[in-house]
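Spelled out from the first residue to the last, the chains are:
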Amino acid sequence: MPKSWYNILPDLPKPLPPPIDPSTRTPVDPRKLERIFPKELIKQELSPERWIPIPEEVRDVLRLWRPTPLYRAVLLEKALKTPARIYYKYEGVSPPGSHKPNTAVAQAYYNMKEGVERLTTETGAGQWGSALSFATNMFGMKCTVYMVRASYNQKPARKMLMHSWGAEVYPSPSDRTNFGRAMLSKDPNHPGSLGIAISEALEDCVTHDNTRYSLGSVLNHVLMHQTVQGLEALEQLKQVGDYPDVVAGCVGGGSSFSGLFWPFYYEVVSKKAPKKVKFVATEPTACPTMTKGIYTYDFGDTAKMTPLLPMYTLGSDFIPPPIHAGGLRYHGDAPTLCLLLHEGWIEPHAYDQVSVFQAAVQFARAEGFLPGPEPAHTIRYVIDEALRCKQTGEEKVILFNLCGHGAFDLHAYEEFFEGKLPPWYYPEDEIKKSIDRLKEELKWLPEVEKQFLGL
C-alpha cells in the first residue's frame, strides 16, 4: 500500500483554472471554504506538491482491505477469444463495497483532527454515503446523508448499510432544508439529483455548528486520495511484467477513474512509461457530460451555493433520468479531468443502460463477480475493445477499474432480465435548454471563460 498520494496539479499540461466566486467574479478566497472543509483538505486542494504523505492513522484503517487485488480476466479473455490481455483493479472488497472509502477515511480523519463532530454529504446510488458512514463511524463522528430520491427508493439496502454504521439518511429533496422544501413544493414526487442533494448537504452544514461538508468526487483532494488504486496497480503489474496500452474507467464526477489513471499519466509525462497509453472514460447516454456537455464555468450544485468550477457540464439544474447507475448522474465532472479532456488526453465514450447491463452479465458469467452498474459502463467498452483486438489480432493490454460490486443492485438486474430497462438517451434539445439557462443566468461567463479558460 502506498505511503503517499500522487497529486497531479504540478504535472497538468497547463495550470488548473481557479474556482470563481460568483459575487466578485474573481478566484475564490480559500479562507471562505473553511466553513465547509477542514484547513488541511483546503491545503491539499491547492497544493503544488507532487507527493502528499498518507497519515499512519489513515493507513491503519485502509489496511482493512488494501492493497486491493488486481485480477487478470483470463476467463473473459477466453470467452471473447481475444488476444488482448485484460486486467481489472477490484475495489469491491472494501467494507462499503466500492472505491469510495479511500477518500472517505482520509476526509473523516482530517475533520476529526480539527474537532469536527458531524459531517453532511450527498449520495447518488449510495456508495459514497455508505463510505462516509463507515469512515465517520471509524473515527467516532456523526454523519448525515442526503440520498437522491430515485436511488433512495431503488436501493433500500444501501440505506440499511448506512444506518448500520450509525448515519442518518434522508431522501433528497427532503423536508429538512429550505431548498429541499422548495423543490418538493414544485414537485412532491421529485426524483432528485446529485446537484440538489449537494445543496441540501451544504445548507445543513452551514446552518449548524461544529459541522462540515464532505464531497465524494470532483475536487482535487478527493481524486488525489483515490490514487492508492493506480499506485498499487502499477506495482502489481510490475510483478507480472506487464504494462497497459489502455487505462479505462467510468466517470460520474471522476474520482474512481482519476484514482486509477493519474499515476499512469505521471509515468507518461515523466517519460517513465515503456509505451504510449490511452486513457478512456465512460459515461451513460442518460447523463452525457463529457460527450455532450460544454466546457465552461458552472456551479457544483443546483441551489448555486458552491463556487463556479471549470468543467464539462450539462447545466447545474440538469435533472437526469433515474438510471440505475446513480453514481454517474452528476451534471458536471472534476476540473482536473475536464482540463485533460479538453487538452486531448482522454477519450470519452457514452453507452446506453441496456447495452451496459448486457456487458455486466457477460462479465459476471465469465469472471464470477457481479459488477455495479457504474463500472459496467467501462466493461461495455472493454468487451468492445477486446473484440476489436480479436478482429485485428492486436495483443493490447487493457486495465480498467471495477470500482464496486453489484450486490446492492439486484433490483436493477431483475429489471434487466425482465426486459423492463429503458436505454435512456437524454434528448439533445433538453441538454441545449439546460445549458442555455446557465448562459442566460450568468451573462458575464464569456469574460471569465476568456480570462481563465482561454476560450
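So, here's what we can say about the structure. Not measured: the values here are computed from a predicted model.

Mapped onto the fold, V397 is located in strand β16 (residues 397-402). Here the alpha-carbon distance between V397 and P244, two residues 153 residues apart in the chain, equals 4.7 Å. V397 has contacts with R85, Y87, D242, Y243, P244, D245, V246 and K275, leaving out every residue within four places of it along the chain.

A few words on empty space enclosed by the protein. Taken as a whole and assessed by the stated rule, the structure comprises two cavities of 30 Å³ or more. Of the pockets and cavities examined, the largest cavity occupies roughly 370 Å³. Lining the largest cavity are 29 residues, and of these K100, S217, G252, G253 and G327 sit closest to its centre. Among the secondary structure elements, those contributing two or more residues to the lining of the largest cavity are β7 (118-123), α5 (127-138), α9 (194-206) and α12 (255-269). The residue inventory of the lining of the largest cavity, partitioned by class, reads eleven nonpolar, 15 polar and three charged.

This part is about the layout of surface pockets. Counted as a void, the largest pocket has a volume near 370 Å³. L33, F37, L219, P307 and L309 are the residues nearest the centre of the largest pocket, which is lined by 24 residues in total. Every element with two or more residues in the lining of the largest pocket is listed here: α1 (39-46) and α9. If one sorts the elements of the lining of the largest pocket by residue count, α1 sits on top with four residues. Counted as a void, the second largest pocket has a volume near 150 Å³.

For the rest of this paragraph, the subject is the packing of aromatic side chains. Evaluation of the coordinates by the stated rule reveals 28 aromatic pairs. Aromatic side chains Y6 and W51 sit 5.4 Å apart centroid to centroid with 50° between the ring planes, which places their arrangement in the tilted category. In this pair, Y6 sits in strand β1 (residues 4-6) while W51 sits in strand β4 (residues 51-53), placing the two residues 45 residues apart along the sequence. Judged by its relative accessible area of 0%, Y6 is buried. Taken together, Y71, Y88, Y90, F363, F369 and F400 form an aromatic cluster joined through their ring pairs.

Right, let's get into helix α8 (residues 178-186). Turning to α8, its buried residues are F179, G180, M183 and L184. Along α8, the residues classed as buried sweep out an arc of 135° about the axis, all on the same side. Projecting away from the buried face of α8 at angles above 90 degrees are the exposed residues N178, S185 and K186. Those residues of α8 hidden inside the fold are in contact with α6 (149-154) and α9.

Looking now at the sheet that holds strand β10 (residues 211-213). Taken together, four strands build an open sheet; the order of strands is β9-β8-β7-β10 and the sheet is parallel. Looking at the sheet topology across the chains shown, the edges are occupied by β9 (168-172) and β10. On average, each strand axis in the sheet is inclined to that of its neighbour by 20°, with strand direction left out of account.

Attention shifts here to the packing of helix α11 (residues 228-239) against α12. A pair of packed helices can be characterised by two numbers: the angle between their axes and the separation between those axes. It is the contact of α11 with α12, at a shortest axis distance of 7 Å, that shows an interaxial angle of 55°. With respect to their mutual orientation, α11 and α12 come out oblique. Like other packed secondary-structure pairs, α11 and α12 cross with a definite hand, here right-handed. Seen from α11, the contacting residues are Q229, G230, L231, A233, L234 and L237; seen from α12, they are S255, S256, G259, L260, P263, F264 and E267.

Along the chain, the position of S130 falls in helix α5. Taking the relative accessible area as the measure of exposure, S130 reaches 0% and is therefore buried. Within the structure, S130 has its side chain in polar contact with the side chain of R158 (distance 3.4 Å). Look past the residues within four positions of S130 in its chain and what remains in contact with it is P96, R158, L161, M162 and W165.

Reading across from one edge, β5-β6-β16-β11-β12-β15 is the order of the six strands in this open sheet, with mixed pairing throughout. Looking at strand neighbours, the two that pair on one side only are β5 (70-72) and β15 (346-351), the edges of this open sheet. In this sheet, adjacent strand axes meet at a mean angle of 25° when their direction is disregarded. Most of the contacts of α11 go to strand β6 (residues 85-90), to which it runs at about 135°, and overall it touches β5, β6 and β16. Helix α15 (residues 353-367) rests against β5, β6, β15 and β16 of the sheet, and its axis sits at about 100° to β15.

So, about the pattern of salt bridges. Within this structure, the stated rule accounts for 28 salt bridges. Between K278 and E347 there is a salt bridge, with the nearest N and O atoms lying 3.7 Å from each other. Here E347 lies in strand β15 and K278 lies in strand β12 (residues 278-284), a separation of 69 residues in the sequence. Residue class for K278 comes out partly exposed when judged on its relative accessible area of 27%.

About the cut-offs
Residues numbered from 1 in each chain as written. Predicted model: local features only at pLDDT ≥ 70, side-chain atom pairs only at ≥ 80, totals over all residues. Heavy atoms only, no water. Helix = DSSP H or I, 4+ residues; strand = E, 2+ residues; numbered from the N terminus. Contact = heavy atoms within 4.5 Å. 1 Å grid on protein atoms, 1.4 Å probe; cavity = no way out; pocket = protein on both sides within 12 Å on 5 of 7 lines; lining within 4 Å. Points joined across faces, edges and corners; volume = space filled by probe spheres on them. Nonpolar A, V, L, I, M, F, W, Y, C, P; charged D, E, K, R; others polar. Phe/Tyr/Trp six-rings, centres within 6.5 Å; stacked < 30°, edge-to-face > 60°. Buried < 20%, exposed > 50% of the residue type's maximum accessible area, 1.4 Å probe, protein only. Arc of directions from axis to C-beta. Pairing = 2+ DSSP bridges. Axes fitted to C-alpha atoms, helices over the stretch in contact; angles between N-to-C directions. Parallel < 35°, antiparallel > 145°, perpendicular 65-115°, else oblique. Left-handed = near helix turned anticlockwise from the far one by under 90°. Polar contact = N/O pair within 3.5 Å; in protein donor to acceptor, adjacent residues only side chain to side chain. Salt bridge = Lys/Arg side-chain N within 4 Å of Asp/Glu carboxyl O.

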